[in-house]
Amino acid sequence: MKKKIFLSGVGGMLGEAFYKIFSKNYELKCTDIDVNEKWLEHLDFRDAEKYSLLVEKFNPDYLFHIGAYTDLEFCEKNQEETFITNTESVKTAVRISNDKNIPLLYISTAGIFDGKKNSYDEDDTPKPIGTYAISKYEAEKFVIQNSKKFLICRAGWMMGGGPKKDKKFIQKIIQQIKDGNKELFIVDDKFGTPTYTYDFAKNTETLIDTNNFGLFNMACEGNTSRLEVAEEILKILNLSDKIKVNKVKSDYFNKTFFAERPNSENLINKKLNQKGLNLMRPWKETLREYINTSYVNYL
Ligand SMILES: NC(=O)c1ccc[n+]([C@@H]2O[C@H](COP(=O)([O-])OP(=O)(O)OC[C@H]3O[C@@H](n4cnc5c(N)ncnc54)[C@H](OP(=O)(O)O)[C@@H]3O)[C@@H](O)[C@H]2O)c1
């Protein structure tokens, strides 16, 4: 008989990959506040009573708490709501999974570091800057200190979901191209590790299947910059000669993207490597796959 997973907040970029990967070998109950797929049911995971009731009813072997507010500017402007959504609901998930004696998966982020070092492994101490990062790190700490059995996977710059769900950098760049822009303005002072949602979901499944728990960095291989990612998108789309890239500093965007971001969000998958379980592919390979599968008829 298939093992069962209850997933909350899986209507977004990462949720789509989790659904596709985990539905092959597990029985899933997928929920989100935004019911945008046939396979989703409604749950606002801030409603602790309903969260608990639905999990109890499904009686899963695992609880995956995936969703969060991920728009950094929204989080700065709505701090209380951010902590209720990104931190308090995770405390509820810890309580529910502890009561049921089932493992909890929580998704953390490279954004919890202050970006002063070049790169970060699991032994580095986070020092979050900004509301989103603080809310995510508070949740991470709570899980580590209070969960009986947990898996925390930290992602870098997420890529996935395609035009319908991708709210992040890749979609923003491709949208500008689709809108006919002949020049792009890209920051050259922000560094990180792209993380393809499918690789992330598959690697998470491998950890679960091999009974590995604890805290893991899980980003694609190779550190890079926003500038190089934008240039690579143009290369993949054969547009390098047609679209000009202007290098700018982050303060160029300080009205639109006013939330403070670390200069470096480079993650090193030290623990995955130590265990011989690092399945994360190089970011250029996954970016190509992502664009070729999700944006074929878009431009
Ligand atoms: N995106 C990144 O670059 C990134 C990087 C590292 C880690 N992460 C983490 O990865 C996880 C998944 O993020 P993602 O990239 O898939 O973001 P996403 O595309 O914004 O998806 C998050 C989903 O959670 C839902 N949600 C928000 N509040 C909820 C609530 N109260 N109850 C139920 N569902 C709720 C959202 O619905 P609405 O759209 O209606 O709000 C959305 O469908 C998050 O924990 C995030 O912090 C993301």
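Because the structure is a prediction, the values reported are computed rather than measured.

Q: Just give me the short version of the overall build of the protein chain, but keep the residues and values in it.
A: Assigned secondary structure in the protein chain consists of 11 helices and 15 strands. Since a compact globule built from 299 residues should have a radius of gyration of about 19 Å, the 19 Å found for the protein chain is in line with a globular shape. By residue count, 54% of the 299 residues in the protein chain fall in the buried class. Relative to all contacts within the protein chain whose residues are 6 or more apart in sequence, the contacts with residues 24 or more apart total 80%. Taken as a whole, the protein chain presents about 13,600 Å² of accessible surface, with 48% of it coming from carbon and sulfur.

Q: Report on unusual backbone geometry, specifying residues and quantitative values.
A: With phi around 60°, Asn101 is a residue other than glycine that occupies positive phi space. On the basis of relative accessible area, Asn101 is assigned to the exposed category, the value being 60%. If you check the backbone angles, Asn211 has positive phi at about 60° while not being a glycine. Inspection of the secondary structure assignment puts Asn211 in the loop between α8 (197-209) and β12 (214-217).

Q: Account for helix α1 (residues 13-22), naming residues and giving values.
A: Of all 10 residues making up α1, eight are buried, and the element is well covered by its neighbours. Taken residue by residue, α1 has Met13, Leu14, Gly15, Glu16, Ala17, Phe18, Ile21 and Phe22 as its buried positions.

Q: Tell me what's going on with the packing of helix α2 (residues 48-58) against helix α4 (residues 79-100), and back it up with residues and numbers.
A: Relative to each other, α2 and α4 sit at 35°, their axes nearing to 10 Å. With respect to the hand of their crossing, α2 and α4 are arranged in right-handed fashion. Along its contact with α2, which presents Ala48, Tyr51, Ser52, Val55 and Glu56, the element α4 presents Ser89, Thr92, Ala93, Arg95, Ile96 and Lys100. Here the contact of α2 with α4 is composed, by residue class, of five nonpolar, three polar and three charged.

Q: Quick rundown of the site of the ligand? Include the residues and the values.
A: The ligand sits among 27 residues. The nearest are Leu14, Ile66, Tyr132, Lys136 and Lys167. In the model, an oxygen atom of the ligand is placed 2.8 Å from a nitrogen or oxygen of the Ile66 main chain. Burial of the ligand by the protein chains amounts to 91% of its free accessible area of 890 Å². Of all the secondary structure elements, the ones that give two or more residues to the shell around the ligand are α1, β5 (104-109) and α5 (131-146). The biggest single contributor to the shell around the ligand is β5, with three residues. Residues of the shell around the ligand, tallied by class, amount to 11 nonpolar, nine polar and seven charged.

Q: Report on the pattern of salt bridges, specifying residues and quantitative values.
A: The final tally for this structure, using the stated rule, is 22 salt bridges. Arg46 is the partner of Asp44 in a salt bridge, and the nearest nitrogen-oxygen pair spans 2.9 Å. For Asp44, a relative accessible area of 22% gives the class partly exposed. Arg281 is paired through a salt bridge with Asp199; the nearest N and O atoms lie 2.7 Å apart. Here the residue Arg281 occupies a position in the loop between α10 (270-274) and α11 (283-294), and Asp199 occupies one in helix α8, the gap between them amounting to 82 residues.

Q: Describe the environment of Ile33, naming the residues involved and giving the relevant values.
A: Relative to the assigned elements, Ile33 resides in the loop between β2 (26-32) and β3 (40-42). As for Ile33 and Gly67, which are separated by 34 residues in sequence, their C-alpha atoms are 9.2 Å apart. Contacts of Ile33, omitting those with residues within four sequence positions, involve His42, Leu43, Asp44 and Arg46.

Q: Please give an account of the sheet that holds strand β10 (residues 191-192) that cites residues and values.
A: On the basis of which strands lie adjacent, the open sheet formed by four strands has the order β6-β15-β10-β13 and mixed pairing. The sheet is open, and its two borders are formed by β6 (119-120) and β13 (224-225), each paired with just one other strand. With two bridges joining them, β10 and strand β15 (residues 264-267) adopt parallel strand pairing. Across the sheet, the residue bridging to Gly192 is Glu265, located in β15.

Analysis parameters
Counting from 1, residues in each chain are numbered in the order their sequence is written. Given that this is a predicted model, residues contribute local features only at a pLDDT of at least 70 and side-chain atom pairs are listed and counted only at 80 or more, while totals for whole chains, interfaces and linings are drawn from all residues. The side-chain quantities take in all heavy atoms of the structure and omit both hydrogens and water. By the criteria applied, helices consist of DSSP H or I runs no shorter than four residues and strands consist of E runs no shorter than two, each listed in order from the N terminus. Radius of gyration means the value over C-alpha atoms here, while the globule rule gives 2.2 Å times the residue count to the 0.38 power. Relative accessibility decides the category of a residue: with a 1.4 Å probe and only protein chains considered, values under 20% of the type maximum give buried, values over 50% give exposed, and everything between is partly exposed. The contact criterion used throughout is that any non-hydrogen atoms of two residues lie within 4.5 Å. What sets the accessible areas is the Shrake-Rupley method with a 1.4 Å probe; for residues, cover comes only from the shown protein chains. Under this scheme, a helix contributes an axis fitted over its contacting stretch, all axes are lines through C-alpha atoms, and angles between N-to-C directions fall in the 0 to 180 degree range. A clockwise turn of the near helix away from the far one marks a right-handed crossing, whereas an anticlockwise turn of less than a right angle marks a left-handed crossing. The residue classification treats Ala, Val, Leu, Ile, Met, Phe, Trp, Tyr, Cys and Pro as nonpolar and Asp, Glu, Lys and Arg as charged. All others, Gly included, are polar. Note on terminology: near, applied to a residue and a molecule or strand, indicates that one of the residue's heavy atoms is within 4 Å of it. A 3.5 Å cut-off defines polar contacts: any pair of N or O atoms within that distance qualifies, except that in protein one atom must be a possible hydrogen donor and the other a possible acceptor, and neighbouring residues in sequence count only when both atoms are side-chain atoms. Criterion for a salt bridge: a side-chain nitrogen of Lys or Arg within 4 Å of a carboxyl oxygen of Asp or Glu. Being paired, for any two strands, means DSSP has found at least two bridges between them.

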